[in-house]
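Structural description and commentary
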Amino acid sequence: MTTRRAQWARSLPVSWTEVVVYLLLLALAALGLGVAIVRFMRGLGATTNLSNAYPWGIWITFDVFIVPFSAGAFTLAAVVYILNDERYHVLVPPVVLAGLLGYIMVCAVLLADLGLPHRFYNIIAFLNPESFMFEISWCVMLYTVVLVLEFSPVVLESLGWEGPHRLVRSFTVVFVSAGIILSSLHQSSLGSMWLLLQDKLHALWWTPLLPLLFLLTAIAGGLCMAILVSMLLPRAFGRPVRTHLLANLGRAVAGFLAVYGVLKLLDLLIAGELGLLFTGSTLSFLFWAELLIGVAGPVAILSQSRLRETNRGLLAGASLATLGLALNRANISMFAIWRPRGTVYIPHWMEVAILVGAVAAAVLVLALAARLLPTMLGPTEEEAA
Amino acid sequence: MSKAMLIDTTRCTACRGCQVACKQWNDLPAEKTRNLGSYQNPYRLSAYTWTIVQMREVEYEGRLFWSFLKRQCMHCLHPACVSACPVGAMHKLPDGPVLYNDARCIGCRYCMTACPFRIPRFEWDKPVGYIRKCHFCFDRLAEGLMPACVKTCPAGALQFGEREEMIALAEQRLKAQPERYIQHVYGKEEGGGTSVLILSAVPFAYLGLPTLADHPVPSEQELAMPFEYLGVPSLGREPVAKLNDDLARYGTPGIAIGVAAILAGLQWYSKRRGTGQHTGDAAPAAKESGS
Ligand code: SF4
Ligand code: SF4
Ligand code: SF4
């Protein structure tokens, strides 16, 4: 193991740029942590621009975007361990770690968002099974544990702990299955959460299909995360990108997005609300943007093998779809909700700083893991040979 | 039995005695307010102001109305806030009041997001804030008294009693003076019904209340709402909380069982197909746990 790690380290000389990037990420993460401490000491009113008109702000938008984006971990695990397609196994560690970091970010940001954060354990002590917020919190907590288990083999193997490693391995299918069930539940519940806003959420977005639509976009968005991580991380460390594998994922993204797009439009058609697309209002424009950037564009790119077999095409398709996902979640959680006249919300810099810090910390951990854990990016070419 | 309050906006003189009575009974502090060019003051509900008399100048059928509507928690029969609350801090008493339990709340503010009447407020000014809203004077109700605001109303605009009686009283007034009222008891059916019932001389949408989808509503321009698209939020007769609760009750186990069945099926299928195709290190794991 030591020799392997030594080899690994030698194959990757640390450059100054890399060190500077790490330090920068560290600084941002430290700033975020500092601001978070201020937020806990001084309360929400003093450190955010949230108000009675905007009880939820950019933090919730971040959460409802990062959760489906992190779904890459569960979709890829389903491909490898349930559909038993071994070829994708090599992609699993970085994607699962990215998913895990995504969920840890969400938990941290949710904690900062609570008005009574010191009481978070009430979510375990008192249950209201009719609340989707309750279901989401539970599934997110449990699924984070599942992700730790799913990622643990990589760490245990690097540490050379054979016993625990084999034990975890032998239960892989069990907790992967649990992860898939938990993910289906909370990804759809994130959509169900908005059902109560029937009269407040604009009709372009409110539909009883919200849970299904959220699940579909989470699968597509998660696959995009898998593509982006599997492309950008090896690239950053000068390792080969497995383009043909990612192209298959890209095709699946196109498929899921196409189904989503058709469902969405059919739903509007049946509800007799297609006319809302052409009112020329700001919201109809946002809806078009979401549909073109997040559905039409990526489907056009990723459905053509000529384009998705190239790194550039894949990158474009996956990035567009991710952007569309973010816009969709922002529309639902922020823009398309009724507000009293004359109220505005522009996030406080402290709200933004906490998010930036969380993302910086996640990227830093992902990069360090890729560098320090020998099995993260799969065998190097010479090892494979 | 379920209690209700009847608000007759046509009788209200905007004396705002109810605002003061509410503050007195509940020991709520005064607030520093700004003059926004309206007698409506404070301008909005807050954690320290649980009821306000909303004042709107409304043009309807060629006449100008100065409408006064007491805003407060509607104490819905199927409250969205109760369905939303993950820890059961929001709960409804059998006789009507929708209450908030300080000791349970985690401050997620989903109740604020979910309430169709935009009632719950948060104590933004405190390091550790709680949700606050009208509690229907549940403490007075328990002693057989009426809410403080109703008790104080000198104009007879507020009435309190059994919900059926209040509906009957409202309908009686509609019949007695048809020209005085829009022929509709607001809150009888809206969102599955509320414990606060309202009578008005102008359509309820003009008062900023979410109205039944099938009710005639003024055009969006007339309302001059901020966002044209949501000028008139609409409520169904079915409480939306019911959709939520049914989905949570049956959908959640349904999804869990359905997905588990699919996974088991896939496992069985891939085993039948033979695990011989497996290469790489995860294959043994799949075999071990599958056996
Ligand atoms: S008006 Fe809002 S806060 Fe009051 S009971 Fe209904 S949903 Fe709850
Ligand atoms: S803020 Fe408190 S009362 Fe409101 S939904 Fe969250 S936990 Fe329940
Ligand atoms: S019922 Fe009680 S708490 Fe509610 S507005 Fe009236 S006085 Fe205030």
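I will try to describe carefully the structure that is included in this document. None of these values were measured; they are calculated from a predicted model. (Residues numbered from 1 in each chain as written. Chains lettered and ligands numbered in written order. Predicted model: local features only at pLDDT ≥ 70, side-chain atom pairs only at ≥ 80, totals over all residues. Heavy atoms only, no water.)

Some points on the interface of chain B and chain A
A common measure of how large an interface is: the accessible area buried when the components associate. Facing the 73 residues of chain B at the interface are 69 residues of chain A. Taken together, the two surfaces of chain B and chain A that pack against each other cover about 6300 Å², and 61% of this comes from carbon and sulfur. Broken down residue by residue, the surface that chain B buries against chain A is led by Ile106, Tyr110 and Trp124 of chain B, which jointly contribute 11%. Between the two partners, chain B and chain A, sit two salt bridges. Its salt-bridge partner being Asp113 of chain A, residue Arg109 of chain B comes within 2.5 Å of it at the nearest N-O pair. (Contact = heavy atoms within 4.5 Å. Buried area = accessible area lost by both parts, 1.4 Å probe. Salt bridge = Lys/Arg side-chain N within 4 Å of Asp/Glu carboxyl O.)

Quick word on the environment of Asp139 of chain B
All names here are of chain B. For Asp139, the location among the structural elements is in helix α4 (residues 138–142). By relative accessible area, which is 29% here, Asp139 ends up partly exposed. Engagement of the side chain of Asp139 in a polar contact is seen with the side chain of Trp25, the distance being 3.1 Å. (Helix = DSSP H or I, 4+ residues; strand = E, 2+ residues; numbered from the N terminus. Buried < 20%, exposed > 50% of the residue type's maximum accessible area, 1.4 Å probe, protein only. Polar contact = N/O pair within 3.5 Å; in protein donor to acceptor, adjacent residues only side chain to side chain.)

As for the pairing of strand β3 (residues 63–71) of chain B
Residues and elements named next belong to chain B. Relative to β3, strand β2 (residues 52–60) runs antiparallel, the two being bridged by nine bridges. Bridge assignment links Met55 to a residue of β3, and that residue is Phe68. Linkage of β2 to β3, two consecutive antiparallel strands, is achieved through a turn of two residues, within which Glu61 is found at a positive phi near 50°. (Pairing = 2+ DSSP bridges.)

A few points about the pattern of salt bridges
All names here are of chain B. Considering all chains together, one arrives at twelve salt bridges over all chains under this definition. Among the ionic pairs, Glu123 bridges to Arg132, the shortest N-O distance being 3.2 Å. Each member of the pair Glu123 and Arg132 is classed as buried. Residues Asp246 and Lys242 are paired through a salt bridge, measuring 3.3 Å at the closest nitrogen-oxygen approach.

Quick word on the site of ligand 2
Looking at ligand 2, there are 13 residues lining it, with Cys85, Cys105, Cys108, Arg109 and Cys111 of chain B nearest. Looking at the shell around ligand 2 residue by residue, the class counts come to eleven nonpolar, one polar and one charged. (Near = heavy atom within 4 Å. Nonpolar A, V, L, I, M, F, W, Y, C, P; charged D, E, K, R; others polar.)

Brief notes about helix α11 (residues 210–236) of chain A
Its 27 residues place the ends of α11 of chain A 37 Å apart at the C-alpha level, agreeing with the 39 Å of an ideal helix rising 1.5 Å per residue. Here α11 of chain A lies mainly inside the structure; 23 of its 27 residues are buried. (Expected span 1.5 Å × (residues − 1).)

Focus on the site of ligand 1
Neighbouring residues of ligand 1: 14 residues in total, closest Cys73, Met74, Cys76, Cys81 and Cys115 of chain B. Its residues assigned to classes, the shell around ligand 1 comprises twelve nonpolar, one polar and one charged.

Points about the packing of aromatic side chains
A full pass over the atoms with the stated rule returns 16 aromatic pairs over all chains. Ring geometry for Trp205 of chain A against Phe287 of chain A: centres 5.4 Å apart, planes inclined by 75°, an arrangement best described as edge-to-face. Taken together, the residues Trp205 of chain A in the loop between α10 (172–192) and α11 and Phe287 of chain A in helix α13 (residues 282–302) connect sequence positions 82 residues apart. Each member of the pair, Trp205 of chain A as well as Phe287 of chain A, carries the same accessibility label: buried. Look at Phe122 of chain B and Trp124 of chain B: their rings are 4.6 Å apart centre to centre, the planes differ by 65°, and that puts the pair in the edge-to-face class. A residue is classified by how much of its surface remains accessible, and Trp124 of chain B, at 12% relative accessible area, is buried. Each residue in the set Trp56 and Trp194 of chain A together with Tyr110 of chain B is aromatic and connected to the rest through ring pairs, giving one cluster. Positioned above the aromatic ring of Phe122 of chain B is the side chain of Arg109 of chain B, whose terminal nitrogen or guanidinium carbon lies 5.7 Å from the ring centre. The ring of Trp25 of chain B carries Arg140 of chain B above its face, with NZ or CZ at 4.7 Å from the centroid. (Phe/Tyr/Trp six-rings, centres within 6.5 Å; stacked < 30°, edge-to-face > 60°. Lys NZ or Arg CZ within 6 Å of the ring centre and 35° of its normal.)

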